[in-house]
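Structure assessment
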Amino acid sequence: MLHTRPIAFGVEMPVIAMGTPHSATSICCGGGALPVNHTCCDAAMRDAALLWWATGGVAVETSMAYGTGIGLGQALTESRLPRESVFIHGKVQCRATATAVMALIHEHLAEIGIRYFDLLTIHYPAGVPARGVPSCGGANLSSTWGAFEAARAAGLTRAIGSSGFNVSWLSSLFALGGPPPAYNQYAMEVAASPSDLQHVLTFCRSHNVSVGGFSSLSHDCLGLLAVASVAAAHNRTTADVCLRWVTQQGAHAVVSSTRAGYDTDDLRSTSFSLTADDMRLLSSLSPSLPYPRRLWGRPWRQGTSGRRRFPSPPSPPPQPTTAAASAEVPQLDDFGCPTNRGSHSCDV
């Protein structure tokens, strides 16, 4: 049975969604950091979305910044699924005027070929000034949120929210008055969450804002021995444990893969419960690198245990020689992700 939670009046959102970032579907989807090979990118996104829906997934997250909207639209057309049977979460970034934001929303919808989003969020409030994307500071946040409210009133989206907003950004959003955000997305990964994650969760809970976690399988969680030990105790995969740590805190999770087996496992990750001791252990693990971290240029720690079900906790692997260690390091793309895209290594 599909596990959903309400995020707004009349809006039920699946707890597990498929993310569509450039690095998760194919290396040819540059997402702004690399040139986008649209033919390759669109096909990769189409195939990933069709696979997700075929394995029972419903919710898909996309963004104007990902460069994957056309492929998602192709998948919708090819699947012949009724629009109301899928959940589409769209994202656009701040702009200086409400008119500019509304134009982005219409462009985002047209790219996918749909008439409305189920959820629309402001993507990354800090902006990317070097690429002409302003931050949400000052009047930009007011203009953008005003356009979001207008979009909801016009039926262009069923719910509105934010993505990547910390307590300071959320407080600024609430200070505008009017309808509050229904949903806020924030990085949530065992041993790799931002140091202020609990503050964000507490703020959202106290203000009745639903929370979504992203990057839950992007860094070290799949390969941590502590996670593998918990997985062994429940006869689950490390990915199951990483995702359940997110969803058991009342948050939604976003995943991406190009394998049906992974999609199926991810959708079933809510079918068991971690113990209170498990949650305390996982929450106590310290980040191995400071956050925020870019995916590209980061050192890669290969999670060799990622998808195995352990009959017993694994022993620490022997330390390889320098030559052996060099031989085992996978080839990385410019996002710091293995060029083999059939794994969870580049999940959002």
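Residues numbered from 1 in each chain as written. Predicted model: local features only at pLDDT ≥ 70, side-chain atom pairs only at ≥ 80, totals over all residues. Heavy atoms only, no water.

1. Some thoughts on the sheet that holds strand β8 (residues 183–187)
Sheet strands pair by backbone hydrogen bonding; their relative direction is either parallel or antiparallel. Spatially, the eight strands close up into a barrel ordered β3-β4-β5-β6-β7-β8-β9-β10, and their pairing is parallel. Within this sheet the neighbouring strands show an average axis-to-axis angle of 25 degrees, counted without direction. Contacting β3 (16–19), β9 (210–214) and β10 (252–255), helix α9 (residues 238–247) crosses the sheet at an angle of about 145 degrees to β10. (Pairing = 2+ DSSP bridges. Helix = DSSP H or I, 4+ residues; strand = E, 2+ residues; numbered from the N terminus. Axes fitted to C-alpha atoms, helices over the stretch in contact; angles between N-to-C directions. Contact = heavy atoms within 4.5 Å.)

2. Focus: the state of the cysteines
Here, the word disulfide means a covalent bond between the sulfur atoms of two cysteines. Counted by the stated rule, this structure contains two disulfides. Disulfide pairing places C94 opposite C136 at an S-S distance of 2.0 Å. Because the torsion about its S-S bond is 100 degrees, the bridge between C94 and C136 counts as right-handed. Here C94 is found in the loop between β5 (87–92) and α4 (98–112), whereas its partner C136 is found in the loop between β6 (119–123) and α5 (139–153), with 42 residues between them in sequence. Here C221 engages in a disulfide with C242; their sulfurs sit 2.0 Å apart. Disulfide C221-C242: the torsion about the S-S bond is -105 degrees, which places it as left-handed. On the criterion of sequence distance, the pair formed by C221 in the loop between β9 and α8 (225–234) and C242 in helix α9 is long-range, its members being 21 residues apart. Residues C221 and C242 agree in their burial class; the two are buried. (Disulfide = S-S within 2.5 Å. Buried < 20%, exposed > 50% of the residue type's maximum accessible area, 1.4 Å probe, protein only.)

3. Describing the pattern of salt bridges
Under the definition given, this model contains seven salt bridges. As a salt-bridge pair, K91 and E61 come within 3.4 Å of each other at their nearest N and O atoms. Residue K91 is located in strand β5, and its partner E61 is located in strand β4 (residues 59–61); the two are separated by 30 residues in the primary sequence. One exposure class covers both K91 and E61, and it is buried. (Salt bridge = Lys/Arg side-chain N within 4 Å of Asp/Glu carboxyl O.)

4. Notes on the nonpolar core
A general feature of soluble globular proteins is that nonpolar side chains tend to end up buried together. Within the largest apolar cluster, 69 residues are counted, with the highest numbers of intra-cluster contacts made by W53, I105, F148 and W245. In contact with W53, other than residues within four places in its own chain, are V58, V60, L72, A75, L76, S79, L81 and V86. (Core = buried A, V, L, I, M, F, W, Y, C linked by side-chain atoms within 4.5 Å.)

5. Section: the side chain of R244
Position of R244 among the secondary structure elements: in helix α9. Here T247 takes part through its side chain, which lies 2.9 Å from a polar atom of the side chain of R244. Excluding its chain neighbours within four sequence positions, the residues that come into contact with R244 are S269, T270, F272, S273 and L274. (Polar contact = N/O pair within 3.5 Å; in protein donor to acceptor, adjacent residues only side chain to side chain.)

6. Brief notes about the pairing of β3
In β3, alternate side chains face the same way, and those of I16 and M18 on one face and A17 and G19 on the other are all buried. The sheet contact formed by β3 and β10 spans three bridges and is parallel. Paired with A17 across the strands is V254, a residue of β10.

7. Topic: the confidence of the model for the chain
Averaged over every residue, the pLDDT of the chain is 82; the share at 70 or more is 76%. Within the chain, the element-level pLDDT minimum falls on helix α12 (residues 322–328), averaging 39, and the maximum on strand β2 (residues 11–14), averaging 98. Low pLDDT, under 50, characterises residues 289–348; the predicted model gives this stretch 125 contacts beyond four residues in sequence or across chains. (pLDDT = per-residue confidence, 0-100.)

8. Here's the deal with the pairing of strand β1 (residues 4–8)
The pairing of β1 with β2 spans four bridges and is classified as antiparallel. Bridge pairing links P6 to E12 in β2. Following β1, the chain reverses through two residues before pairing antiparallel with β2; G10 in that reversal takes a positive phi of roughly 80 degrees.

9. Overview of helix α6 (residues 167–175)
You can read the cap of α6 off the contacts: a side-chain oxygen lies 3.1 Å from the backbone nitrogen of S168, and it is on N166. Directly beyond the C-terminal end of α6, a positive phi value near 80 degrees is found at G177.

10. Describing the packing of aromatic side chains
Counted under the stated rule, the structure contains three aromatic pairs. With 6.0 Å between their ring centres and 55 degrees between their planes, F165 and W169 make a pair best called tilted. Residue classification places F165 among the buried residues on the basis of a relative accessible area of 0%. One residue, R83, lies across the ring of Y116, its end atom 4.1 Å from the ring centre. (Phe/Tyr/Trp six-rings, centres within 6.5 Å; stacked < 30°, edge-to-face > 60°. Lys NZ or Arg CZ within 6 Å of the ring centre and 35° of its normal.)

11. Some points on the packing of α6 against helix α7 (residues 197–206)
Packing of α6 against α7 leaves a shortest axis separation of 10 Å and a crossing angle of 25 degrees. Taken together, the axes of α6 and α7 lie roughly parallel to each other. Of α7, the residues touching α6 (which contributes V167, L170, S171 and F174) are H199, V200, F203 and C204. When grouped by side-chain class, the residues that make up the contact of α6 with α7 number six nonpolar, two polar and no charged. (Parallel < 35°, antiparallel > 145°, perpendicular 65-115°, else oblique. Nonpolar A, V, L, I, M, F, W, Y, C, P; charged D, E, K, R; others polar.)

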